[in-house]
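Fold and contact review
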Amino acid sequence: MKEMSRRNQYFTDSVIRRMTRIAIANNAINLAQGFPDFDPPKEMTDRLAEVAATGPHQYPITMGAPNFRRALAKKAGRFMGRTLDPETDMVVTIGSTEAMVDTLFALTNPGDKIIMFSPYFENYHAQTIMADCEPIFVPLVPPVFNFDPQVLEDAFKQPNVKAILICNPSNPSGKVFTREELSFIADLCIKYDVYAIMDEVYEHIVYDDNKHIYMNSIPGMWERTVSCSSLSKTYSVTGWRLGYAIAPQPIMERIKQYHDFNAVGCASPLMEAAVVGLEFPDSYYKEFGDHYAHMKKLFTDGLKDIGIPFTDPQGAYFVLANIGPYLKKGQSDVDFCVKMTEKVGVAAVPGSSFFREDINDIVRLHFAKKDETLYEALNRLADIKKKMC
Ligand SMILES: Cc1ncc(COP(=O)(O)O)c(C=O)c1O
């Protein structure tokens, strides 16, 4: 038999999603893969029930149902502070995951380099390899996750750099990039003629005085930025698989071609039901943010009581917890997470899935869960020393 694709040698399955399967097998609380166990907004599920009877149930317009795109243009335009054209500036995709893949294919040629920060969301590495590109990793240094401006500029200076891929707010670090940091990166993008691919799925989950700034709102950046985001996190519908890319027409024309042949379109009934969510007033996003601030406080207060050190996120819904004191000699973080799922009954993601650097004593836990789930998880984690050491 002929050799199969060599690309697969450079990535495994997703460790995050593997941890979900291990959590289910062990009846553990899944704080590994980030998805809520509370319901989406009732208006959206009620509308979905109506749509089940009335349709649509057939292929949608490839680029996204027109009423969905009109509602998205209004909602995203309001937050980005710009008028968006639903016909030319956007495409609806199967989660932001497909938006990122379509974008990478639309912008790059084989051999191009993509700058990304480490720690990074694990999809990025695999997606970059799938597009036959090479990642360049620039460290975000814990515990504050700042980058060294010189190291970043050196990355831009490498040959064949086509894009920088930024997760803002960041998974897993919880970093929210400041206007100054984004302006610095924007200047580099313009100076070295590099595109910015933004993963903004956590755009509405920011804490305290932190503010999410859209890269495409920084002067000179609209022309060279693709904003990928989705409804998964903002409306607690990770299973609906609805996402989108927003970009200026010349880039969007290319992205649409990849969507056309990769996906044909997204689920018609779900797009129809999601329109009511996109039309929510600003108060929805305020209450949504307040709910996340509540879950963060509940969970991080609990971790403090137990004595597990963690990073306090500025945005998104993850903490990076230090499991150094509980690791057995020579034990890998992957093995630790599997054992913790089995013995403690709480699933986490090993930090090595996110860091390019040699890090073995960090795990990622998420807190997008009902209060009672978080209390039960904390209850179980209180035994971590007894059960893991
Ligand atoms: C940073 C980041 N980007 C993208 C995704 C995937 O989003 P979607 O459900 O829109 O495909 C996730 C999901 O966890 C994520 O954390």
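Residues numbered from 1 in each chain as written. Predicted model: local features only at pLDDT ≥ 70, side-chain atom pairs only at ≥ 80, totals over all residues.

**Here we look at the overall build of the protein chain**
Along its length, the protein chain carries 14 helices and 12 strands. Based on the C-alpha atoms only, the size of the protein chain along its principal axes is roughly 60 × 55 × 55 Å. Every one of the 389 residues in the protein chain was classed for burial, and the buried ones make up 47%. The contacts of the protein chain with a sequence gap of at least 6 include a subset with a gap of at least 24, amounting to 75%. (Helix = DSSP H or I, 4+ residues; strand = E, 2+ residues; numbered from the N terminus. Buried ≥ 20, exposed ≤ 12 C-beta atoms within 10 Å, placed from the backbone. Contact = placed C-beta atoms within 7 Å.)

**Details of the sheet that holds strand β3 (residues 113-118)**
Strand order in the open sheet formed by seven strands is β2-β8-β7-β6-β5-β3-β4, and the pairing between neighbours is mixed. Strands at the two margins of the open sheet, each flanked by one partner only, are β2 (90-94) and β4 (134-139). Taking the axes of each pair of neighbouring strands and ignoring which way they run, one obtains an average angle of 25 degrees across the sheet. Pairing geometry for strand β6 (residues 195-199) and strand β7 (residues 225-230), over four bridges, is parallel. The partner of M198 across the bridge, within β7, is S227. Across the sheet, helix α4 (residues 95-107) lies against β2, β5 (161-167), β6, β7 and β8 (242-246), angled at about 35 degrees from β8, the strand it touches most. Most of the contacts of helix α6 (residues 149-157) go to β4, to which it runs at about 165 degrees, and overall it touches β3, β4 and β5. (Pairing = 2+ DSSP bridges. Axes fitted to C-alpha atoms, helices over the stretch in contact; angles between N-to-C directions.)

**Some words on the environment of P219**
Locating P219 in the fold gives a position in the loop between β6 and β7. Classification of P219 as exposed rests on a count of 8 C-beta atoms within 10 Å. Sequence-wise, P219 and A28 are 191 residues apart; in three dimensions their C-alpha atoms are separated by 47 Å.

**Side note on the site of the ligand**
Close contacts around the ligand come from 13 residues, with G95, S96, T97, S230 and S232 the closest. For the shell around the ligand, the leading source of residues is α4, giving three residues. By residue class, the composition of the shell around the ligand is three nonpolar, nine polar and one charged. (Near = placed C-beta within 6 Å. Nonpolar A, V, L, I, M, F, W, Y, C, P; charged D, E, K, R; others polar.)

**Points about the nonpolar core**
Formed by 117 residues in total, the largest nonpolar core has its most connected members in A196, A245, A274, V346 and A348. The residues that make up this core include at least three from each of domain 1 (7-40 + 283-388) and domain 2 (56-281). Ignoring anything within four residues of it in the chain, the contact list for A245 reads M90, V91, T93, A99, D102, T103, V226, S227, C228 and I255. (Core = buried A, V, L, I, M, F, W, Y, C linked by C-beta atoms within 7 Å. Domains from an automatic or database assignment.)

**A few points about the packing of helix α2 (residues 42-54) against helix α10 (residues 268-278)**
Packing of α2 against α10 leaves a shortest axis separation of 8 Å and a crossing angle of 145 degrees. Crossing handedness for the pair α2 and α10: right-handed. On α10, the residues that touch E43, M44, R47, L48, V51 and A52 of α2 are P269, E272, A273, A274, V276 and G277. Split into classes, the residues belonging to the contact of α2 with α10 amount to eight nonpolar, one polar and three charged. (Left-handed = near helix turned anticlockwise from the far one by under 90°.)

**Focus on helix α7 (residues 179-191)**
Given a rise of 1.5 Å per residue, 13 residues ought to cover 18 Å, and the 18 Å separating the end C-alpha atoms of α7 matches this to within 8%. Along α7, the positions that sit buried rather than exposed are L182, I185, A186, L188 and C189. For α7, the buried positions fall inside an angular range of 160 degrees around the axis, keeping them on one side. What points out from α7, more than 90 degrees from its buried face, is the exposed set R179, E180 and K191. Directly after α7, the chain includes D193, whose backbone phi takes a positive value near 55 degrees. (Expected span 1.5 Å × (residues − 1). Arc of directions from axis to C-beta.)

**Digging into the domain arrangement of the protein chain**
For the protein chain, the domain assignment lists domain 1 (7-40 + 283-388) and domain 2 (56-281). A separation of 25 Å is found between the C-alpha centroids of domain 1 and domain 2. Facing the 32 residues of domain 1 at the interface are 33 residues of domain 2. Going through the elements one at a time, α1 (15-25), α11 (282-306) and β9 (318-322) are the ones with two or more residues in the side of domain 1 that touches domain 2. Counting residues per element, the side of domain 1 that touches domain 2 draws most heavily on α11, at eight residues. Its residues assigned to classes, the side of domain 1 that touches domain 2 comprises 20 nonpolar, seven polar and five charged.

**Describing the sheet that holds β9**
Spatially, β9-β12-β11 is the arrangement adopted by the three strands of the open sheet, whose pairing is antiparallel. Either end of the sheet is taken by a strand with one partner, and the two such strands are β9 and β11 (349-350). For β11 and strand β12 (residues 362-366), the ladder comprises two bridges, and the chain directions are antiparallel. Within the sheet, the bridge partner assigned to V349 lies in β12 and is R364.

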